[in-house]
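These are the residues of each chain, in order.
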Amino acid sequence: METFNKLTNMLLHALETREPTLDLVNSFVDHWKSITNYYMTTTDDNRPVKQTDIPWCLRQMLDILVYEEKQQGVEEAGACLEYLLQHKIPETLCTLGKAQYPPGMFQQVLLFFSKLLSQMQKPLLHLVNIHRPVQKLIRLCAVPGSKTEKDEAQFLLIICSRVKQDPLMLSYVLELPNEPAAKIPASDQPQLCTQESIHRTETPQSSSQSDPSVSSTVKSENSLLSALLQLSKSQSGPVCLKAYEGLLLLSGLQSGPSADILSNQTQLGDLLAGRLLELYSLLPLESLDPGQVQSWPHTPWSSQFSRCSSDLSSDSPVSDHVTNFFCWFDFLDHLMKEAPQVLSVKLARCVHHLWLSDAIQSQLLHTCEQVVLVTTSVLCAVVRLVQSSSLLDQLVHFLLRRQTLTHLLLEHCDHISDQISMVSLSLVEELLQKPHREILNILVLDFLQSRRYLSPHAVGVDDRRTETSEDSDDLEDDPFFSDSLFSDSQLLPPPPPPPLLLLSGPGSSTDVINSFLCLVPVQVRSAQLMKEGGYESYVHDAHTMVTKCQSLSQSWDWPLSLPPPSYSSSGEGEEFFEGHLFKVLFDRLGRILEQPYELNLQLTAVLSRLSAFNHPLLHEYLLNPYIHLSPCSRSLFSVLIRVMGELMQRIQQISNLSDRLLDTRRHLLGLSYNTGPEHQTLLRGVIVLEEFCKELAAITFVKLPLEQN
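Residues numbered from 1 in each chain as written. Predicted model: local features only at pLDDT ≥ 70, side-chain atom pairs only at ≥ 80, totals over all residues. Heavy atoms only, no water.

Further remarks concern the overall build of the protein chain. Per the secondary structure count, the protein chain includes 31 helices and zero strands. Sorting the 709 residues of the protein chain into buried and exposed places 52% on the buried side. Restricting to contacts in the protein chain with at least 6 residues of sequence separation, those with at least 24 account for 81%. Counting every atom, the protein chain has about 31900 Å² of accessible surface; 51% of that belongs to carbon and sulfur. (Helix = DSSP H or I, 4+ residues; strand = E, 2+ residues; numbered from the N terminus. Buried < 20%, exposed > 50% of the residue type's maximum accessible area, 1.4 Å probe, protein only. Contact = heavy atoms within 4.5 Å. Areas by Shrake-Rupley, 256 points an atom, 1.4 Å probe, with all protein chains shown as cover.)

What follows is the structure, encoded as structure tokens:
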């Protein structure tokens, strides 16, 4: 009896598990037949699809597929899914959607495919009867004037999400020719029944053969990548955001050959860089404010979607163009940071080729100063904002590894237009703050490596000591210089010093600091008249800058000691060339008494930053006043000495010098507006010189121990 009861229970259980499956298939077929019967019986071709039962039937079919998968598990294909594939229902739906029959059918088809791909756990994109209609739907997306952008963006984003989950599906979605279905490992393929296996073994190559337009799908304007890019231009914030997210999902694929496919078999780089060029071409260079562009704040790409309105435009078209450009640049920068190295490099090279070489270079050579000024301002902002190492490398390659362009950039630092000179110096300063060792190598270190700025007869220690004592005596005998500059009680406690660099001369750090402070003649010192601090007021900022420069160069394996000077066998070295950058900086510094105040500030900022680096060559050349220079060579200290000599001659023409300097300093601090127009450039130059020497003394104080013997 017990055996009979067990057998009865088993039969009942079998019937319970079998009957729902049969009901599901019948219900699924009935819903599909309801859709097909509509087309056979309808006589109103203009009736919108939402007024029919088609949307409801499609939702029911989708619910049945999802329920069936939950009941049977992901590994097995249910009978309803088999019916869907055997009868090529996705293909039929795609055709109906393309025909917009009935009106609005394309939107319903997009919704069906979006939910099918997002709610089904089983991988489907590798099945030919799935990815072929998906490819056709992709080609129908992002058509100008489309009223279904929201649904298209959602559909494309879901495809990108499924590819992110299984990167091997990328080749099927992109319609690449000669895609081997065998790329899918056997262990990753779901154990589908025979009919589905037939669908799976038909490769996408046969699809491209049946459709001639697919043979060049990588270059097609309607590919997945092109559709995402087109939707990223939408005026609807949610649509645009989903397009951005889709591009990020595809570009961030880390496993398998996905990065190689995207970099070598698609035009992703050209499309993204082309969009950057397109947005840049919309900038009205002739009317933009260079200062505003140069100081443009970091604009995260996602910030443009935080507005409440779906309309992303504002009242200022010019501001919109600039914002859109920098938002897209930030998006590219973020994308290259997240992308695999091979793809990141390829994208950066495309930006170099399509934007920097084709657009920026010609504008830097433009005859219109406004165009040159704004273009350089854009470069300043771009260099400041860039974070991706690949994109930074291409910017450095463009600006510094092309000799002609590098020479042009440095010539612009000494341009007849003060504005162009200022923005070009700002660009140099921005470059000096980027984590790329080639910047300093190309601009300065390669020229200093030989140390031919040293006199061949003063390389020995004894000779240097003689030179030091003579220089010190000269400064002490000069009536324009004072040796009582500061007291020990005025000094701030030294901050924790970075790794110390020893001077090649014998002077202590106090001597070195005094050397810079003594450069400023007593007659022209005005800071003490306002009871402002001495060089110690710069120590905190100097410590911050030195620390940043040290952190920046920490991984660059700089030497700790100076290399031996390189001279010919005769003992006479070749004439030393300080490099184009130092030549421009020193020439400009020599004219500091004749230049605008703002330009002098930018000039001294670049020199101060170079002085803050802990490379022994830079330290010796910029901060060691005791080196004996070879003929026709100059250092920062020697240039300052010549400027001070010129200064003492020119101030003889100014009456009431101390009062005039005090009024000028107050005016610069915004404390007074009663200053005469005469000699303002000279007086401001004197004040900049005084402050610059204090800043150099503070940098030296931070980099050297107080009692160095």
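Okay, back to it.
Packing of helix α16 (residues 317-338) against helix α18 (residues 369-385) leaves a shortest axis separation of 11 Å and a crossing angle of 35°. In terms of crossing hand, the pair formed by α16 and α18 is right-handed. Packed against α16, whose contacting residues are Phe325, Phe326, Phe329 and Asp333, the element α18 presents Val378, Ala381, Val382 and Leu385 at the interface. Here the contact of α16 with α18 is composed, by residue class, of seven nonpolar, no polar and one charged. (Axes fitted to C-alpha atoms, helices over the stretch in contact; angles between N-to-C directions. Left-handed = near helix turned anticlockwise from the far one by under 90°. Nonpolar A, V, L, I, M, F, W, Y, C, P; charged D, E, K, R; others polar.)

Here the focus is the confidence of the model for the protein chain. Per-residue confidence for the protein chain gives a mean pLDDT of 83; residues scoring 70 or more make up 80%. Here residues 14-19 scores under 50 on pLDDT; set against residues more than four positions off or in separate chains, the count is one contact. (pLDDT = per-residue confidence, 0-100.)

Secondary-structure assignment places Ile89 in helix α4 (residues 89-99). Judged by relative accessible area, Ile89 falls into the buried class, the value being 0%. With 40 residues separating them in the primary sequence, Ile89 and Asn129 have C-alpha atoms 8.5 Å apart.

In this section: the packing of aromatic side chains. All chains considered together, the criterion is met by 27 aromatic pairs. Taking the centre distance of 5.4 Å and the plane angle of 80° together, the rings of Tyr244 and Trp328 count as edge-to-face. Of this pair, Tyr244 sits in helix α12 (residues 237-251) while Trp328 sits in helix α16, and the two are 84 residues apart along the sequence. Each member of the pair, Tyr244 as well as Trp328, carries the same accessibility label: buried. Here the aromatic residues Tyr244, Trp301, Phe305, Trp328 and Phe331 are joined through ring pairs into a cluster of three or more. (Phe/Tyr/Trp six-rings, centres within 6.5 Å; stacked < 30°, edge-to-face > 60°.)

To continue, consider helix α6 (residues 128-140). Here α6 contains 13 residues, and its C-alpha end-to-end distance of 18 Å stays within 8% of the 18 Å for a straight helix at 1.5 Å per residue. Of all the 13 residues making up α6, eleven are buried; the element is thus mostly covered by neighbouring parts of the structure. After α6 finishes, the residue Ala142 shows a positive phi value of roughly 60°. (Expected span 1.5 Å × (residues − 1).)

For the bond running from Tyr101 to Pro102, omega is -5°, close enough to zero to count as cis. When you line up the elements, Pro102 lands in the loop between α4 and α5 (105-119). Notably, Lys88 is not glycine yet its phi reads approximately 50°, a positive angle. Along the chain, the position of Lys88 falls in the loop between α3 (79-86) and α4. In this structure Lys88 comes out as partly exposed when scored by relative accessible area, which is 41%. Backbone geometry at Cys632 places phi at a positive 70°, although glycine is not the residue there. Along the chain, Cys632 falls in the loop between α28 (616-623) and α29 (636-650).

Applying the stated criterion across every chain, the model contains 17 salt bridges. Of the charged contacts, one joins Asp414 and Arg588 as a salt bridge, the two residues approaching to 3.2 Å between their closest N and O atoms. Of the two residues, Asp414 sits in the loop between α20 (403-412) and α21 (418-432) while Arg588 sits in helix α26 (residues 580-590), which places them 174 residues apart along the sequence. Of the residues examined, Arg588 reaches a relative accessible area of 4% and is grouped as buried. Measuring nitrogen to oxygen at the nearest pair gives 3.0 Å for the salt bridge that ties Arg665 to Glu691. Here Arg665 is found in helix α30 (residues 657-668), whereas its partner Glu691 is found in helix α31 (residues 680-703), with 26 residues between them in sequence. Across the pair, exposure class does not vary: Arg665 and Glu691 are buried alike. Salt bridges sharing partners connect three or more residues here, namely Glu578, Lys583, Asp587 and Arg634. (Salt bridge = Lys/Arg side-chain N within 4 Å of Asp/Glu carboxyl O.)

Now for the state of the cysteines. For the coordinates displayed, the defined rule picks out zero disulfides. Cysteine Cys327 is unpaired, with the sulfur of Cys240 as its nearest cysteine sulfur at 9.4 Å. (Disulfide = S-S within 2.5 Å.)

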